[in-house]
Amino acid sequence: MSLARPSSKTPLLPLPAASARPPSDGGSDSFSPSPSRPHREWVTKGCIRTTVTLVIFAAYFAWTWPWYLHHGDSDSKLPETSWDTAPSGQQPQLEVGVEGVLRAPPLPGVPKSLQTKWAQYSPWHAVDKYRAPPAGCNITQVSALTSRELQRHGARYPNAEDGEIYARGVEHLAAADKFKDKHLKFLKEYEYTLGADDLVPFGAAQTFEAGQIAFKRYAHLVNSTQIPFVRAAGAPRVIATATNWTVGFAAASHQRYQPYLNVIISEEYNNTLNNDCPNAGDGSRETGIWLSHFAPPLAARLLEGAPGATLNDTDVYALLAMCPFESVAVEALSPFCAMFTEDDFRAFEYYGDLEKYYRTGYGNKLGPVQGVGYVNELLARLAGTPVEDRTTHNASLEFPLDRAVYADFTHENLMVAVYAAMGLFNVSAAPDPRHRPENAKDGAQTWVASRMVPFSSRMVTERLTCVHEEGNREEGVYVRVVVNDEVQSLEFCGAGDGLCELGRFVESQEYARKSGNGDFKQCYD
């Protein structure tokens, strides 16, 4: 089987002038004419911005329409006992979500049960159905609720270093004298063609959709003087994600509100949107232990069908990883998926769980501190007070406190650090790198990478004003945290139902408010 070579360039929507201009005063209305500027000049520039954005929006649909109408089935199939595949010849159907937005295109022929076993490389999926705030919590006033969205970039190619490892793994298996297993015969003519680092078109569509959903869900917080404030870490794929989100947001508002990327934070300096701790471990010890347990039997099975080839444990992981990366790149079921069983991908998922837990999660003493700077920024915006932080907050950058909607774009390792710093997804026992939990098959696990940080994952923190409810809730300001549409219980706040009084929420974040209790200093000493 010969695969068409995808472009190695990031599939970005062209950046409209309205999405790239530098901020002028940090909080001015992008539609309000300056008193010192002639009215005709304002109208002309406003029309130009709107026209350019409309052209970009039209170009987006011209670019993505084939995704919905032109995908056929993959030539390969997973083992008959492993997955339920889409019926032959079935075309993906356009799906309009409950918010009234066009969903990102599906992956034709790729069972959802497989996509959710790709750990951090899983496409975004709602973990739960989004629930509106409870009765008595009034979110109609802009000052009553602040939605702050932290989002990971969309689906991408492997990073350059990993891509080299994956290519070697493919090369090692393809060097077999012959292929006795029908699932491996495509390797006779296979050429590794994946790009590196950049978003794939599917990832761009994911983030465009996320922008639409954000507007539909929080439109009541937006007006001509309340445009979302948007920041991104400095990696090109993160910048591309933020830009596509703003275009999706503008499209959902019918171009009435056009947010732009306000701040790009270099990853070379203090950055609350990028994890940085040179002295922290990376989880490789724990993932190495797990890999040494589950990979050898898989290697033996593959080599039985490919005599003459040689594979090590790293090669096995690389071949497993080719399934998600190639599937999102070509938007069809990769033939690499058919080489493995459902249980193999459970092992792959658990590898990702371990890596996140022991890299920037609870299993690394210096993991949570890498999310402290962002948590302190979150507390500042929720309370409307200046940031108090001695870790990664950069006070020289624009940081308004008067917006109703904030959107920040980052990487999954930073999101995991934020979860750990806040106390989300805490578990009573650390994941064991020597074996998977017995209940791993029934969805009972709390720490699962595909549920916490899939591609385009998002954490939204909402501020609500609620009225008194006899025997249940006092009148006041509350906080709710939603991760991938699942309301978090916030048990560390004594909430349980997901609502936490603002003062108690701030108090619960003692680790962040104390700037990590000295842990940040250990990152560099």
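These notes cover the structure that comes with them. (Residues numbered from 1 in each chain as written. Predicted model: local features only at pLDDT ≥ 70, side-chain atom pairs only at ≥ 80, totals over all residues. Heavy atoms only, no water.)

This part covers the nonpolar core. By size, the foremost hydrophobic cluster in this structure holds 122 residues, and its most contacted members are Trp118 and Met459. Here this core gets 11 residues from one element, more than from any other, and that element is helix α7 (residues 313-330). Listed in part, the 5 residues of the second largest apolar core include Leu464, Cys466, Tyr478 and Leu499. (Core = buried A, V, L, I, M, F, W, Y, C linked by side-chain atoms within 4.5 Å. Buried < 20%, exposed > 50% of the residue type's maximum accessible area, 1.4 Å probe, protein only. Helix = DSSP H or I, 4+ residues; strand = E, 2+ residues; numbered from the N terminus.)

Let us now look at the packing of α7 against helix α8 (residues 342-359). Orientation of α7 relative to α8, taken along the N-to-C sense of each, is 95 degrees, at an axis distance of 11 Å. Considering the angle they form, α7 stands roughly perpendicular to α8. Residues Tyr317, Leu320, Ala321, Cys323 and Pro324 of α7 pack against Asp344, Phe345, Phe348 and Tyr351 of α8. Counted by class, the contact of α7 with α8 contains 8 nonpolar, no polar and 1 charged residues. (Axes fitted to C-alpha atoms, helices over the stretch in contact; angles between N-to-C directions. Parallel < 35°, antiparallel > 145°, perpendicular 65-115°, else oblique. Contact = heavy atoms within 4.5 Å. Nonpolar A, V, L, I, M, F, W, Y, C, P; charged D, E, K, R; others polar.)

Counting buried positions along strand β6 (residues 458-466) gives 8 out of 9 residues, so the element sits mostly inside the fold. Both β6 and strand β7 (residues 476-483) contribute to a ladder of 8 bridges, which runs antiparallel. Across the sheet, residue glutamate 462 finds its bridge partner in β7, namely arginine 480. (Pairing = 2+ DSSP bridges.)

Taking 1.5 Å per residue as the helical rise, helix α3 (residues 160-174) with its 15 residues ought to reach 21 Å, and the 21 Å between its terminal C-alpha atoms agrees with that figure. Of the residues making up α3, those classed as buried are Gly163, Tyr166, Gly169, Val170 and Leu173. For α3, the angular spread of the buried residues around the axis is 120 degrees, confining them to a single face. Facing away from the buried side of α3, by more than 90 degrees, are the exposed residues Glu161, Glu164 and Glu171. Residues of α3 that are buried make contact with α7. (Expected span 1.5 Å × (residues − 1). Arc of directions from axis to C-beta.)

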